Amino acid sequence: MGLLSDPNRRRALISLLTRLNAPICVVCYMAGVAWFMGLAFEPFTLRTYMSENAMGSTMVEERFPAGERALGTGREFSAHKKKAGGMPVDWLVKTMQSRGLEVFTQRFSRRLPFPDEDKERYMVKGTNVYGILRAPRAPRTEALVLSAPCSPGDDNNQAVGVLLGLAQYFRNQVFWAKDIIFLVNEHDLIGMQAWLEGYHHTNTTGMDWSPLQGRGGSIQAALSLELSSDVVTSLDLVLEGLNGQLPNLDLANLFYAFCQKIGVLCTTQGKLQRNDWDSVSGYSHAVQTMMLMVMKQASGRPWGDHGLFLRYHIEAATIKGINSFRQYKTDATTIGRLLEGMYRKLNNLLERLHQSYFFYLMPSLSHFVSIGYYMPAFGLLALILLLRALDLWIQLATPPTFNLNPPPSQMSSPGVLSVLTPLVISHLTGVALYTLPIHFQEIAVEHFPVSETEAVVLTAIAVYTAGLALPHNTHRGLFVPPFNGWKVLKLVAVLYLAVLLGCTALINFSLGFILALTLVPVAAFVTPDVPKALSAFIMVILSPACTLLFSVFLFQELQEMPVSFLDGWMLYLSVISQGILDHALYGSLVYPLVALLVYPCWLLFWNILFWK
Amino acid sequence: MAAPLTLLLLVAVTVRAALYRSSLADLISERVEVVSPLTAWKRVVEGLALLDLGVSPYSGDVFHETPLIIYLFHFLVDYAEITFMLADVITAVALYLSVKDYNKQVFRKQKYALEADRYPLDCLELIRSPKEMQYIPLKVAMFYLLNPFTILSCVAKSTCGLNNAVIALFVLSTIKGNSRTHSSPAEGNSIYPLTLCAAALLYLLQRQYIPVNLRRFSFWWFVAQYAFMYLGSLFVIVGLSFFLLGSWDFLPSVYGFILSVPDLTPNIGLFWYFFAEMFEHFRLFFLCVFQINVFFYTVPLSIKLKEHPVFLIFMQLAVISIFKSYPTVGDIALYMAFLPVWSHLHRFLRNIFLVSCVLLACSALFPVLWHLWIYAGSANSNFYYAITLLFNVAQILLVSDYFYAFLRREHHLSHGLYLKRKDGSEATLVLK
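Since this is a predicted model, take the numbers as computed values, not measurements. (Residues numbered from 1 in each chain as written. Chains lettered and ligands numbered in written order. Predicted model: local features only at pLDDT ≥ 70, side-chain atom pairs only at ≥ 80, totals over all residues. Heavy atoms only, no water.)

K.L.:
Would you mind going over the overall build of chain A with me for this structure?
P.N.:
Across its full length, chain A holds 21 helices and 12 strands. Its C-alpha atoms give chain A a radius of gyration of 27 Å, near enough to 25 Å, the size a compact globule of 612 residues would have. If you line up chain A on its principal axes, its C-alpha atoms span 90 × 60 × 45 Å. Out of the 612 residues belonging to chain A, those deemed buried represent 57%. Of all intrachain contacts in chain A linking residues separated by at least 6 positions in sequence, the fraction that spans at least 24 positions is 81%. Element-wise, carbon and sulfur atoms account for 63% of the exposed surface of chain A, whose accessible area totals about 25400 Å². Within chain A, the 43 negative side-chain charges are centred at a point lying 5 Å from the centre of the 44 positive side-chain charges. (Helix = DSSP H or I, 4+ residues; strand = E, 2+ residues; numbered from the N terminus. Rg over C-alpha atoms; globule rule 2.2 N^0.38 Å. Buried < 20%, exposed > 50% of the residue type's maximum accessible area, 1.4 Å probe, protein only. Contact = heavy atoms within 4.5 Å. Areas by Shrake-Rupley, 256 points an atom, 1.4 Å probe, with all protein chains shown as cover. Lys, Arg positive; Asp, Glu negative; His and termini not counted. Charge placed at Lys NZ, Arg CZ, Asp CG, Glu CD.)

K.L.:
Looking at this structure, how should I read the pairing of strand 8 (residues 234-238) of chain A?
P.N.:
Residue and element names in this part refer to chain A. Among the 5 residues that make up strand 8, 5 are buried, leaving the element largely enclosed by the rest of the structure. Covered by surrounding structure in strand 8 are Ser 234, Asp 236 and Val 238 together with Leu 235 and Leu 237, the residues of both alternating faces. Where strand 8 lies against strand 9 (residues 266-268), 3 bridges are found, and the strand directions are parallel. Residue pairing for strand 9: Leu 235 is matched across the bridge by Cys 266. Handedness of the crossover joining strand 8 and strand 9 through helix 9 (residues 249-262): right-handed. (Pairing = 2+ DSSP bridges. Right-handed = clockwise from strand over helix to strand, strands pointing away.)

K.L.:
What am I meant to see in the sheet that holds strand 6 (residues 208-209) of chain A here?
P.N.:
Where strands meet in a sheet, backbone hydrogen bonds hold them as pairs that are either parallel or antiparallel. Residue and element names in this part refer to chain A. Spatial strand order, 6-2-3-5-4-7-10-8-9: 9 strands in an open sheet with mixed pairing. Of all the strands in the sheet, the pair left with one neighbour each is strand 6 and strand 9. Each of strand 3 (121-133), strand 4 (142-150), strand 5 (179-186) and strand 7 (218-226) touches helix 7 (residues 157-171); the most contacted strand, strand 5, lies at about 160° to it. Contacting strand 2 (102-116) and strand 3, helix 20 (residues 565-586) crosses the sheet at an angle of about 135° to strand 2. (Axes fitted to C-alpha atoms, helices over the stretch in contact; angles between N-to-C directions.)

K.L.:
Help me out: how do you make sense of the pairing of strand 5 of chain A in this one?
P.N.:
Successive residues of a regular strand alternate their side chains across the two faces of the sheet. All names here are of chain A. In terms of burial, strand 5 is largely enclosed, as 8 of its 8 residues are buried. Burial along strand 5 is two-sided: the face carrying Asp 179, Ile 181, Leu 183 and Asn 185 and the face carrying Ile 180, Phe 182, Val 184 and Glu 186 are both buried. Judged from the 8 bridges that link them, strand 4 and strand 5 form a sheet pairing that is parallel. Paired with Leu 146 across the two strands is Phe 182, which belongs to strand 5. Remark: the strand 4/helix 7/strand 5 crossover connection has right-handed handedness.

K.L.:
Whenever I open this one, the pattern of salt bridges confuses me. Can you help?
P.N.:
Pairing is possible between side chains of opposite charge, provided their charged atoms come close. With the rule as written, the count across this model stands at 20 salt bridges over all chains. Three or more residues are tied together by salt bridges with common partners; here these are Glu102(A), Arg134(A) and Asp179(A). (Salt bridge = Lys/Arg side-chain N within 4 Å of Asp/Glu carboxyl O.)

K.L.:
For this particular structure, what's the right way to read a positive patch on the surface?
P.N.:
Residue and element names in this part refer to chain B. A cluster of basic residues, Lys 100, Lys 104, Arg 108, Lys 111 and Arg 207, forms a positive patch at the surface. The element contributing the most residues to the positive patch is helix 5 (residues 80-115), with 4 residues. Tracing the sequence through the fold places Lys 100 in helix 5. (Patch = residues over 30% accessible without salt bridge, like charges linked within 9 Å, V, L, I, M, F, W, Y side chains within 5 Å.)

K.L.:
Could you clarify how one ought to interpret the environment of Leu166(A) in this entry?
P.N.:
In this fold, Leu166(A) is placed in helix 7. Leu166(A) sits 260 residues away from Ser426(A) along the chain, and the two C-alpha atoms are 56 Å apart.

K.L.:
Mind showing me how you'd approach the nonpolar core here?
P.N.:
In globular proteins that are soluble, nonpolar side chains generally tend to be buried together. With 340 residues, the main nonpolar core has Phe36(A), Phe182(A), Trp195(A), Phe255(A), Phe605(A), Phe311(B) and Trp342(B) as its most contacted residues. Element by element, the count of residues in this core is highest for helix 16 (residues 485-507) of chain A, at 15 residues. When residues no more than four places from it in sequence are discounted, the contact partners of Phe605(A) are Ala493(A), Val494(A), Leu497(A), Val522(A), Ala523(A), Val526(A) and Met539(A). (Core = buried A, V, L, I, M, F, W, Y, C linked by side-chain atoms within 4.5 Å.)

K.L.:
Please clarify how the interface of chain A and chain B should be interpreted in this entry.
P.N.:
Size of an interface, as often reported, equals the accessible area lost when the parts are brought together. Taken together, the contact pairs 21 residues of chain A with 25 residues of chain B. Here chain A packs against chain B, burying approximately 2000 Å² in sum over the two surfaces, 73% of which is carbon and sulfur. Looking at the side of chain A that touches chain B, the elements that each hand over two or more residues are helix 1 (2-5), helix 2 (7-19), helix 12 (371-397) and helix 16 of chain A. Element by element, the count of residues in the side of chain A that touches chain B is highest for helix 16 of chain A, at 6 residues. Across the side of chain A that touches chain B, the residue classes break down as 14 nonpolar, 4 polar and 3 charged. (Buried area = accessible area lost by both parts, 1.4 Å probe. Nonpolar A, V, L, I, M, F, W, Y, C, P; charged D, E, K, R; others polar.)

K.L.:
Please explain the sheet that holds strand 11 (residues 360-364) of chain A as it appears in this structure.
P.N.:
Residue and element names in this part refer to chain A. On the basis of which strands lie adjacent, the open sheet formed by 3 strands has the order 1-12-11 and antiparallel pairing. In the strand order of this sheet, the two ends are held by strand 1 (46-47) and strand 11, each with one partner. Here strand 11 pairs with strand 12 (residues 367-370) via 3 bridges, running antiparallel. Looking across to strand 12, one finds that Tyr 360 is bridged to Ser 370.

K.L.:
Just to check I follow, could you spell out the UniProt feature "transmembrane region" (unreviewed entry) in chain A for this structure?
P.N.:
All names here are of chain A. Under the UniProt annotation, the feature "transmembrane region" (unreviewed entry) is placed at residues 20-41, 371-394, 414-434, 455-473, 493-526, 533-555 and 589-611. This span, residues 493-526, is 94% helix and 0% strand, and a straight line between its end C-alpha atoms measures 11 Å. Each end of residues 589-611 is marked by a C-alpha atom, and these two atoms are 32 Å apart; helix forms 87% of the span and strand 0%. (UniProt positions renumbered as here; feature names shortened; annotations may be inferred.)

K.L.:
How should I be thinking about the packing of helix 1 (residues 2-21) of chain B against helix 8 (residues 148-155) of chain B in this particular structure?
P.N.:
Between two packed helices, the angle of one axis relative to the other and the distance separating the axes together describe the packing. Residue and element names in this part refer to chain B. As a packed pair, helix 1 and helix 8 sit with axes 10 Å apart at the nearest point and diverge in direction by 45°. Between helix 1 and helix 8, the angle is such that the two are oblique. Relative to helix 8, the crossing made by helix 1 is right-handed. Contacts between helix 1 and helix 8 pair Val 15, Arg 16, Leu 19 and Tyr 20 from the former with Thr 150, Ile 151, Cys 154 and Val 155 from the latter. Residues of the contact of helix 1 with helix 8, tallied by class, amount to 6 nonpolar, 1 polar and 1 charged. (Parallel < 35°, antiparallel > 145°, perpendicular 65-115°, else oblique. Left-handed = near helix turned anticlockwise from the far one by under 90°.)

K.L.:
Explain helix 21 (residues 590-609) of chain A to me, please; I cannot follow it from the model alone.
P.N.:
The α-helix advances 3.6 residues per turn, and as a result positions three or four apart in sequence lie on the same side. Its 20 residues place the ends of helix 21 of chain A 27 Å apart at the C-alpha level, agreeing with the 28 Å of an ideal helix rising 1.5 Å per residue. Largest kink in helix 21 of chain A: about 35°, centred on Val598(A), with the proline Pro600(A) one to four residues after it. (Expected span 1.5 Å × (residues − 1). Bend = angle between axes of the 7 residues up to and from the residue.)

K.L.:
Before we go on, may I ask you to explain a negative patch on the surface in this structure?
P.N.:
A cluster of acidic residues, Glu117(A), Asp118(A), Glu120(A), Glu442(A), Glu446(A), Glu452(A) and Glu454(A), forms a negative patch on the protein surface. Along the chain, Glu442(A) falls in helix 14 (residues 441-447).

K.L.:
Where do I start with the state of the cysteines in this structure?
P.N.:
A disulfide bridge is the covalent bond that connects two cysteines by way of their sulfur atoms. Residue and element names in this part refer to chain B. Applying the stated rule across the entire model yields 0 disulfides over all chains. Distance from the sulfur of Cys 154, which forms no disulfide, to the nearest cysteine sulfur (Cys 160) is 11 Å. The class of Cys 154 is buried, set by a relative accessible area of 2%. Lacking any disulfide linkage, Cys 357 is separated from the closest cysteine sulfur, that of Cys 362, by 11 Å. A relative accessible area of 16% means that Cys 357 is categorised as buried. (Disulfide = S-S within 2.5 Å.)

K.L.:
Sorry if this is basic, but what is going on with the packing of aromatic side chains here?
P.N.:
Here the distance between the centres and the angle between the planes together describe a pair of aromatic rings. Scanning all chains against the criterion turns up 66 aromatic pairs over all chains. A ring pair is formed by Phe170(A) and Trp176(A), whose centres lie 4.5 Å apart and whose planes are at 50°; its orientation type is tilted. Here Phe170(A) and Trp176(A) have matching classes, each one buried. Between the aromatic rings of Trp569(A) and Tyr572(A), the centroid separation amounts to 5.3 Å while the plane-to-plane angle is 40°, which identifies the pairing as tilted. A residue pair is termed a helical-turn pair when its members lie 3 or 4 positions apart in one helix, as Trp569(A) and Tyr572(A) do in helix 20 at 3 residues. Note on Tyr572(A): relative accessible area 6%, which makes it buried. Through a chain of ring-to-ring contacts, the aromatic side chains of Tyr102(B), Phe311(B), Phe314(B), Tyr335(B), Phe338(B), Trp342(B), Tyr402(B) and Phe406(B) assemble into a single cluster. The aromatic ring of Tyr199(A) is capped on one face by Arg215(A), whose charged end is 4.7 Å from the ring centroid. (Phe/Tyr/Trp six-rings, centres within 6.5 Å; stacked < 30°, edge-to-face > 60°. Lys NZ or Arg CZ within 6 Å of the ring centre and 35° of its normal.)

Take a look at the structure:
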């Protein structure tokens, strides 16, 4: 408090901060990026460990024997699926019933706001089939879910087979203390959304579904299984859920522990972990893995069917079987044993998973970075904004010498107006960007030779671009802006950005960090006095839309699937349409966040650049 | 000046009416920052239902407002939205009128002092001009009506708006207080505003030109008169509540509820986390410590600010809204409305930038951390309480900053703006 109350020390501190503002900002930016890159360096990370006592102390013995039979069931399922041309509901109901489950179905239908060209669907109708294995040993107040999506084509038949095999095997065991729900959901996430909404009696997205006839207890944990071949070489764990939410780290630990025990190769982000962390290639491998996680989390979309469970406070993950050209093969029996072990451990839970971390990044499956370690990287970037704001405040508070006593009342009233107008107009542009694409698709399809999806995406891009032309014309003609008006506007914009990024980083660190990485430099350097053309170019390069474009290329690069520019552009368009669809279907917040808040905030800086 | 005020009122009412019609209203009325167990509209409705059934509204431990409120809404429940809007309007107009009157007095006092040459010569830039004071009442009304906190509170139909109106009327009647009868504090609504009576007494004494001198009979006579009036009106209100309700149920249920803090629903105050974490046998002791905290500041503040009762009222309102047991953002809005009155202190404020940044950031972080704690389940109560703590620290810094600035200006007005040390070098004032 001495610093705050002693005027001399304050003055010294403030003059230091204003004099060295630019160098400090540069240092902070470098330090923030360096800190972030350092997170992947193994000595700086923590080893994962099981925090939950109920899952840690005893190892269970897995005895699941019927892998081959499960694959046979999978083939049978595939034949019936082909015959029915979709979900073979009757066959599934009969098979589940014969395995001793209480079987129920749920019908759902959903009309997408515009056709989804990636998955080729518009009017979606489907049925979920689920069977409940009632817990023999406890009051049925809690449940676990094992789900397998029924996808079109030849995918995932093995997953359904293993699921049915496990159902039969679990039925004969007596130790279950929680209901186990075996769910086969059609139309992947849409079906999952319908089922979860039905289970929890909510309807957030206006979907039509028939109510569930049978329910288990409150769901404690869920796994979603994706297998597309009879043998797999490795199992991949997918954690990223809706809005970048992650399940409790103990779920990942559980998976890792059983993979170690049974001897299955396990990956995260499709990357094996390596032991040579001290070599350059080992470090860059860890960086790649972490960057992939950051990008997936930042996208805010569910990367597996588990993603929607997280919204209901249910810890969930997707386990994906991968068949690549490695020597090491794992058969269905082993996968069944792995799942059996995991479910028996989850069955031991006395309360929801809460002991371990919810905020983490994983540079490999055995190491993680917790919130306390990664937040400083963001904090250093956010500090730049605060320093700039402080600098502006001091400039505004001590007016230039030639104008000794500016009359405060005259300063303030046009100042408020000159800040309010750009604020309102840029937010209206944001509202237009949010609402117009979906509402205008019909008109656009009538007048231009494009499909609905293209219409939506192109309208979004058009509104976005039109926004660039609009704001710097706003304060012309209304009044003469005061001499220092842009400083007031910049102060408001910088603080706005700081609060916005801070809130985003708390909910979804990756998104907040990526946005901060590109927007903070813009916010820091923009003034009306810098060279216009060059700065405008830099600003456009660092705008949210271009950030997305670079992210698409970087993501492809990290996945070791580089694309040409044209393919990348097509991918970029489809990513935009997917983002809008994710918002409409599942309530993902990234699109409204960018359209309604981040983009208007960026427009404010654009406005400052063209201040007259 | 009436036209801008009317325009302002129209804008304020339009904003509120639009929000009432939107889907946001339900969301807002569930926010813990906006409604407390004491002021929630849901609880008033429950109390009304009980009353209609012929049961005491206080049975069932849901409703905790005063009987006067429930009987008010017994008649007005269909016009609740209009009532709440009207309450805000009344508050704003009352504050407008009282600040206008107060400014006139300040200016008159300043003129006398100038004529008597009581100010040092270099203090001329501290003298307030009527031009800069002209818009202050309007700004006060605007700060109250267009403050997002007030709007949220009104849209949530938090009865805090009604309490604010009562306090504003109390302030108005004090400032206009020509005859003593007007000083009747119709503030049986909660306990904390009782501390305002010290400020009101000081103000009335000043108005009657009675010096605060403990040896003078006239001083004690006035204090006795005031105390009689005050206690009398308090007695009338409590009696009225008793006759309306027909029982003394409301005493433990309203005042006991405020003082013993049994409901630990999270809010923006300091009580809930502390008492949720505490061992039960320390509870009474810390309850006393926390509650005395609210009342205790009255004594030193009254002594220090006995010449400036209106500033004292501002300080008291701020202290109450920070330290009371169930604070909501509506309480904060009331004392923030007074900030334009002290706009002449801005040159002496030191932490205003820091404090406003923190207040802004905290207001945005409240819903985010609530979401992470309650819905996502990934954060926990510590995150939310950390923000609560920061928010209150910022408020305390804000209030103490204003207090320091006020004292410093007074000091400069009596000792000159450019202070010299004894050896002639330039001196600075340090708060210790």
